[in-house]
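Take a look at the letters that make up each chain.
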Amino acid sequence: MPKYLLAHDLGTSGNKVTLFDTTGKLIDSKVYAYDVHYFNNGWVEQNPEDWWHAVCHTTSDILKNVNSEEVMGVSFSGQMMGCLPVDHVGNVLRPSIIWADVRAQEEEKFLQNMMPIEVFYRITGHKPSSSYSLAKFLWIKNNEPEIYQRTYKMLNSKDYIISKLTGHYVTDYSDASGTNMLDLNTLDWSDKIIQLSGIDKEKLPELKKSTDIVGYVTGEAESLTGLKKGTPIVCGGGDGAMAAVGALCIKPGSVYSTVGTSSWNALTTEKPLYDEGMRTFNWAHIVPGYYVPCGTMQAAGASLSWMKNEIAKAETQIGKEKNISPYNIIDEMVESSTVGANGTIFLPYLMGERSPRWDADARGAFVGLKMETQRKDIMRSVMEGVAFNLNVILDVYRERMDFESLVITGGGARSKIWCQIFADVYNTNIEVPDYLEEATSMGAAVTAGVGIGIYDTFDAIHDFIKIKNVLKPNEENVEIYNDIKPVFENCYEGLKDVYAKLAKLKKVHR
């Protein structure tokens, strides 16, 4: 009788549930989309009930042709750095403030002045920022005090789903390392930061390893999801760390990149990697004992999506008429442009920026437009701009280590021309696996398997995913991009003060 592992990937745009058998074979997957609410110039929220409805719907759907008793365990990958307050019985007290939200500017300034930023960075592996859970929770305390007082626990996305399935309020080290409150050196909540910030420690969930069984499916959850009562729930982790497992990045020195709505470049190390300029940060790894130094930009695939919706409307319409993806048409246009996008540079800061800039006021810009600029050049500049920005993160790693290849996952890796641009900008071999958007799901499935004892180690991931293609850098293109890289840096530095002035104007006229 076959045995299965179930993995949920709670992303920004929807939940994907994936069913694997214990040999690593992908059996089925389902996706359920939900809304993201953007408003007030940098506020971004989601309704957690949409997450739960998506989990119930996709789980019930995927189990229609499977005996639920054959599901050995369930685990999760989830969007990180959110802030969801719930009461003592798990009721949602307000919409979740998600990772992309940068409203907590005053709270960020408070945290930056609370102690030397370098000390904060050495404790948490991160700079204090409005992007993280702590600043968001402080914003609720300062602006919605009645909500804060009623809060029993502050949760992230996967933690909320675990509470709905099991009745327990927990988080893992990887998600906790995205709160700005975890001491990476002790893997415990930082009493120093919590006390100085004024947050009540008892409002934080219990810390667990990603591989811990944190509860079992309740009878109520069984009736809503179709999962068998008593099925083990393994904690899982944040998507930034979980993607490392699904990208074969489970040993020290391996490097990977995920190109989704946001994007990150990361590697596996035995100790946190502290950058002198604090351009990058560190997650706790899903694999116990390891860390994931990382640099994450806000709008990678989001920049391409924006470009498709606002600039490539004709290509989108043609795609509908021909029943093909508009991104395939965009790829063809990008290929027909020149390397360097005919002198056009795109700054991909449509939602502010985390690493390497740490500038919530940063905004997108096209630089170098001229009369002969064509739409295909603008399209190519968007892909190149994302690559240039992510390369700054890789340069931080190159100061400490050498690497010849990088595994790329996420929806953006479906574009062969974009992968080639990454190879040329990075001057690094790009390894493309056979599954791209299932990487975090595969990581969660392996985590479930390790947690319940089916697998001895995370090496089991090699049964789930294989490298199918390798793109090597084109030397001529590498040379062109090397000349553009410093200009890209100059563009950001030259506009930095302008961004700050624009932000003040918007606040005045809001």
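Note that this is a predicted model, so its numbers are computed, not measured.

(A) Examining the overall build of the protein chain more closely. Along the protein chain, the regular secondary structure elements total 17 helices and 25 strands. Taking the principal axes of the C-alpha coordinates as reference, the protein chain spans close to 65 × 55 × 45 Å. Taking all 510 residues of the protein chain together, 60% fall into the buried category. Long-range pairs, those at least 24 residues apart, make up 72% of the contacts in the protein chain between residues at least 6 apart in sequence. When the accessible surface of the protein chain is totalled, it reaches about 19,700 Å², and 48% of it is carbon and sulfur. Positive and negative side-chain charges in the protein chain, numbering 51 and 65 respectively, have mean positions lying 3 Å apart.

(B) Local environment of the sheet that holds strand 17 (residues 255–259). What the seven strands build is an open sheet, ordered 19-20-18-17-23-24-25; its pairing is mixed. The open sheet has two edge strands with one neighbour each: strand 19 (281–284) and strand 25 (467–471). Averaged over all pairs of adjacent strands, the angle between their axes in this sheet comes to 30 degrees, without regard to strand direction. Sheet topology places strand 23 (residues 405–409) next to strand 24 (residues 429–433); three bridges connect them, and they run parallel. Bridging from a neighbouring strand, leucine 406 pairs with isoleucine 430 of strand 24. Sheet strands in contact with helix 10 (residues 239–246) are strand 17, strand 18 (263–267), strand 19 and strand 20 (291–297), and its direction is about 120 degrees off that of strand 17. With respect to the sheet, helix 15 (residues 416–426) is in contact with strand 17, strand 18, strand 23, strand 24 and strand 25, its orientation differing from that of strand 24 by roughly 150 degrees.

(C) Molecular detail of helix 4 (residues 133–143). Among the 11 residues in helix 4, eight count as buried, and that is most of the element. Turning to helix 4, its buried residues number three or more, namely Ser133, Leu134, Ala135, Lys136, Phe137, Leu138, Trp139 and Ile140.

(D) Just the environment of aspartate 424, in detail. Turning to its location among the elements, aspartate 424 is positioned in helix 15. The class of aspartate 424 is buried, set by a relative accessible area of 1%. Distance from aspartate 424 to lysine 472, taken between C-alpha atoms, is 7.7 Å for residues 48 residues apart in sequence. With sequence-adjacent residues up to four places away left out, aspartate 424 is seen in contact with Lys472, Pro473, Asn474, Asn477, Val478 and Tyr481. Reaching out from aspartate 424, the side chain makes a polar contact with the backbone nitrogen of asparagine 474 at a distance of 2.7 Å.

(E) Up close: the pairing of strand 6 (residues 71–78). Along strand 6, seven of the eight residues are buried, which leaves the element largely enclosed by surrounding structure. Sheet topology places strand 1 (residues 4–10) next to strand 6; seven bridges connect them, and they run parallel. Paired with tyrosine 4 across the strands is valine 71, a residue of strand 6. Judged from the two bridges that link them, strand 6 and strand 16 (residues 237–238) form a sheet pairing that is parallel. Directly across from glycine 78, in strand 16, lies its bridge partner glycine 238.

(F) Focus on the packing of helix 1 (residues 48–62) against helix 6 (residues 157–166). Put simply, helix 1 and helix 6 touch, their axes get as near as 10 Å, and they point 60 degrees apart. Comparing the axis directions of helix 1 and helix 6 gives the class oblique. For the element pair helix 1 and helix 6, the recorded crossing hand is right-handed. Note on element contacts: helix 6 touches helix 1 through Ser157, Tyr160, Ile161, Lys164 and Leu165, opposite Pro48, Glu49, Trp51, Trp52 and Val55.

(G) Region of the structure containing the nonpolar core. Formed by 78 residues in total, the largest nonpolar core has its most connected members in Ile161, Tyr256 and Ile461. Excluding its chain neighbours within four sequence positions, the residues that come into contact with isoleucine 161 are Leu10, Trp51, Trp52, Val55 and Phe76. If you look at the next biggest cluster of nonpolar residues, it comprises 52 residues, including Ala362, Val382, Met383 and Ile421.

(H) Summary view of the sheet that holds strand 4 (residues 37–39). The antiparallel open sheet is built from three strands, whose spatial order is 4-5-8. Since the sheet does not close on itself, it has two edges, and those belong to strand 4 and strand 8 (96–97), each with one partner. Where strand 4 lies against strand 5 (residues 43–46), three bridges are found, and the strand directions are antiparallel. Residue pairing in the sheet places phenylalanine 39 in a bridge with tryptophan 43 of strand 5.

(I) Broad picture of the packing of helix 11 (residues 301–310) against helix 13 (residues 326–336). Look at helix 11 against helix 13: their axes get within 11 Å of each other, and the N-to-C directions meet at 95 degrees. Considering the angle they form, helix 11 stands roughly perpendicular to helix 13. For the pair formed by helix 11 and helix 13, the contact residues are Leu304, Ser305, Met307 and Lys308 on the first element and Pro326, Tyr327 and Ile330 on the second. Classifying every residue of the contact of helix 11 with helix 13 gives five nonpolar, one polar and one charged.

(J) Local environment of the pattern of salt bridges. Using the criterion set out here, one finds 23 salt bridges in the structure. Across the pair glutamate 315 and arginine 375 runs a salt bridge whose closest N-O atoms are separated by 2.7 Å. Highlighted residues: glutamate 315 in helix 12 (residues 313–322) and arginine 375 in helix 14 (residues 375–398), separated in sequence by 60 residues. The partly exposed category is assigned to arginine 375, whose relative accessible area is 34%. Across the salt bridge formed by glutamate 384 and arginine 380, the nearest N and O atoms sit 2.8 Å from each other. Residue glutamate 384 and its partner arginine 380 are located together in helix 14, separated by four residues, close to a single helical turn. A single burial state applies to glutamate 384 and to arginine 380, both of which are buried.

Thresholds, definitions, all that
- Residues numbered from 1 in each chain as written.
- Predicted model: local features only at pLDDT ≥ 70, side-chain atom pairs only at ≥ 80, totals over all residues.
- Heavy atoms only, no water.
- Helix = DSSP H or I, 4+ residues; strand = E, 2+ residues; numbered from the N terminus.
- Buried < 20%, exposed > 50% of the residue type's maximum accessible area, 1.4 Å probe, protein only.
- Contact = heavy atoms within 4.5 Å.
- Areas by Shrake-Rupley, 256 points an atom, 1.4 Å probe, with all protein chains shown as cover.
- Lys, Arg positive; Asp, Glu negative; His and termini not counted.
- Charge placed at Lys NZ, Arg CZ, Asp CG, Glu CD.
- Pairing = 2+ DSSP bridges.
- Axes fitted to C-alpha atoms, helices over the stretch in contact; angles between N-to-C directions.
- Polar contact = N/O pair within 3.5 Å; in protein donor to acceptor, adjacent residues only side chain to side chain.
- Parallel < 35°, antiparallel > 145°, perpendicular 65-115°, else oblique.
- Left-handed = near helix turned anticlockwise from the far one by under 90°.
- Core = buried A, V, L, I, M, F, W, Y, C linked by side-chain atoms within 4.5 Å.
- Nonpolar A, V, L, I, M, F, W, Y, C, P; charged D, E, K, R; others polar.
- Salt bridge = Lys/Arg side-chain N within 4 Å of Asp/Glu carboxyl O.

These figures capture arrangement, not role.
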